[in-house]
Amino acid sequence: MAKVKLIIDTDPGIDDAMAIFYAASEPEIDLLALTTIFGNVTTSQASRNALYLIDKMGLDIPVSQGLEFPRVLPPFPPSSNVHGVEGLGTLHVRPSPVSPINQSAPEYLVEMAQEHKGEMVICPIGPLTNIAAAMDLDSNFCSNLKRMVIMGGSLRAGGNITPFAEANIYHDPHAANHVLQHGKNIMLVGLDVTNKVICPRSFFYEIAKHSRRLGSLLLEMSEFYIDFYETVGKFDGCGMHDPSALIACVAPELFQTEAHKLRVCCHGESSGEILVDPEGPGNLVDVCVEVDIEAVKQKFFQKVTQLP
Ligand code: BDR
Ligand code: CA
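Residues numbered from 1 in each chain as written. Chains lettered and ligands numbered in written order. Predicted model: local features only at pLDDT ≥ 70, side-chain atom pairs only at ≥ 80, totals over all residues. Heavy atoms only, no water.

**Section: the layout of surface pockets**
Quantified by volume, the largest pocket comes out at close to 390 Å³. Surrounding the largest pocket, 24 residues form its lining, V82, H83, N160, A167 and Y229 being those nearest its centre. At the level of elements, α1 (14–25), α3 (80–83), α7 (167–170), α11 (214–231) and α12 (241–250) are the ones that each hand at least two residues to the lining of the largest pocket. When grouped by side-chain class, the residues that make up the lining of the largest pocket number 10 nonpolar, 8 polar and 6 charged. Quantified by volume, the second largest pocket comes out at close to 230 Å³. Forming the boundary of the second largest pocket are 16 residues, of which V4, E119, V121, K146 and C249 lie nearest the centre. Looking at the lining of the second largest pocket, the elements that each hand over two or more residues are β1 (4–10), β5 (147–151) and α12. No other element matches α12, which puts 3 residues into the lining of the second largest pocket. (1 Å grid on protein atoms, 1.4 Å probe; cavity = no way out; pocket = protein on both sides within 12 Å on 5 of 7 lines; lining within 4 Å. Points joined across faces, edges and corners; volume = space filled by probe spheres on them. Helix = DSSP H or I, 4+ residues; strand = E, 2+ residues; numbered from the N terminus. Nonpolar A, V, L, I, M, F, W, Y, C, P; charged D, E, K, R; others polar.)

And the structure:
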């Protein structure tokens, strides 16, 4: 079977790192590049973390740096309580000798979508600012993609950064609204499913037993992430948000979806909330509502344990 040509738009981030490690270990994925965005960290730290992770995995792929600020709102502080001051828990990220490419993420995404017309999947696992900007640059951007699989939002599961909003949507609701209303062929992997894919500490200890070098990095990062989840008293383990979206790129059959027209609330206390809008202007979005939890965890485990 042909591999999925994939670009991940990311704000690494501990679960972003898990997702990137998974993508690198999945034989069905041809990882073309990473593009970076603010969210868990600033955009420049996101690029630094992306380059650090690529270096650790020995991958030779470009990193294109994205936009620094939300479409309309002022910037939010990075989520250092969830992901650590540098974004990867207690790991100290050394600067890479390699730099991001000169082309900015929106331009690069437009060009790559044209070059790989009809074949490329983009998986945004951070705020949607770069994606909205790419759509502004090229009205055919979404039509040129094979699929867009977004980690973000929540239909019925409430929020995680506020009672109403999931973090990626909250950090740039205007961009998210633009993408969900005017984008095409979108699958939304939100908290309705990712809050169910919870992995305990023992899961990462097992991974590190098989994947001594990279698995140990995952284990160290997961400790910080799980400490956060336990402190907020929600889970006994951590939510596999971004890895679930990556798995949906290659195994959509593990997810059940409902098709809805959506819009995003952009003001007030419910800013970032996803609303179903049957009469709205948008296209239908495939929103994940159920997931085969064990199959997703198993797929992640089976693949990342192959890493060195
Ligand atoms: C999303 O927000 C970020 O903190 C995570 O990396 C993930 O992309 C989960 O709400
Ligand atoms: Ca993320």
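Structure's up, so let's keep going.
**With respect to the nonpolar core**
The tendency in soluble globular proteins is for nonpolar side chains to be buried side by side. The biggest cluster of nonpolar side chains holds 70 residues, and the ones touching the most others in it are L6, F204, L246, F255 and F300. Ranked by the residues each element gives to this core, the list is headed by α11, at 9 residues. Once residues within four sequence positions are removed from consideration, F255 is found in contact with M187, V189, V193, S244, I247, A248, C288, E290, V291 and V296. By size, the runner-up hydrophobic cluster in this structure holds 34 residues, among which are L109, A132, M148 and V179. (Core = buried A, V, L, I, M, F, W, Y, C linked by side-chain atoms within 4.5 Å. Buried < 20%, exposed > 50% of the residue type's maximum accessible area, 1.4 Å probe, protein only. Contact = heavy atoms within 4.5 Å.)

**So, the side chain of D138**
Positionally, D138 belongs in the loop between α5 (129–137) and α6 (141–144). Salt bridges are absent for the buried D138, whose nearest opposite-charge side chain, K117, sits at 8.3 Å. Side chain to side chain, D138 and Q114 meet in a polar contact 2.9 Å long. Sequence-distant contacts of D138, that is, excluding residues within four places in its chain, are made with V110, Q114 and N144. (Lys, Arg positive; Asp, Glu negative; His and termini not counted. Salt bridge = Lys/Arg side-chain N within 4 Å of Asp/Glu carboxyl O. Polar contact = N/O pair within 3.5 Å; in protein donor to acceptor, adjacent residues only side chain to side chain.)

**Observations concerning the packing of α1 against helix α13 (residues 293–304)**
As a packed pair, α1 and α13 sit with axes 8 Å apart at the nearest point and diverge in direction by 65°. Taken together, the axes of α1 and α13 lie roughly perpendicular to each other. The element α1 and its partner α13 pack so that their crossing is left-handed. Mapping the contact onto sequence places M18, F21, Y22 and S25 in α1 and K299, F300, K303 and V304 in α13. Counted by class, the contact of α1 with α13 contains 5 nonpolar, 1 polar and 2 charged residues. (Axes fitted to C-alpha atoms, helices over the stretch in contact; angles between N-to-C directions. Parallel < 35°, antiparallel > 145°, perpendicular 65-115°, else oblique. Left-handed = near helix turned anticlockwise from the far one by under 90°.)

**Things to note about the coordination of the calcium ion (ligand 2)**
Octahedral metals with six donors have ideal donor angles of 90 or 180 degrees. Tetrahedral metals with four donors have an ideal donor angle of 109.5 degrees. Protein-derived coordination of the calcium ion (ligand 2) comes from D11 (OD), D16 (OD), D16 (OD), I125 (O) and D242 (OD), at a distance range of 2.2 to 2.6 Å. Mapped onto the sequence, the donors of the calcium ion (ligand 2) take the spacing D-x4-D-x108-I-x116-D. Of this pair, D11 sits in the loop between β1 and α1 while D242 is found in helix α12, placing the two residues 231 residues apart along the sequence. You can call D242 buried: its relative accessible area is 2%. (Donors = N, O, S within 2.8 Å, 3.2 Å for Na, K, Ca; no water.)

**Concerning helix α4 (residues 105–115)**
Structurally, the α-helix is built with 3.6 residues per turn, so residues lying three or four positions apart point the same way. Buried within α4 are the following residues: A105, P106, Y108, L109, V110, M112 and A113. Those residues of α4 that are buried are in contact with β1, β2 (29–36), β3 (63–64), β4 (120–124), α5 and α6.

**With respect to the packing of aromatic side chains**
One pass over the structure, following the stated rule, counts 7 aromatic pairs. For the ring pair F76 and Y170, a centre distance of 5.0 Å and an interplane angle of 40° mean the geometry is tilted. In this pair, F76 sits in the loop between β3 and α3 while Y170 sits in helix α7, placing the two residues 94 residues apart along the sequence. When its relative accessible area of 31% is taken as the criterion, F76 is described as partly exposed. Taken together, the ring pairs in this structure connect Y22, F203, F204, F300 and F301 into an aromatic cluster. (Phe/Tyr/Trp six-rings, centres within 6.5 Å; stacked < 30°, edge-to-face > 60°.)

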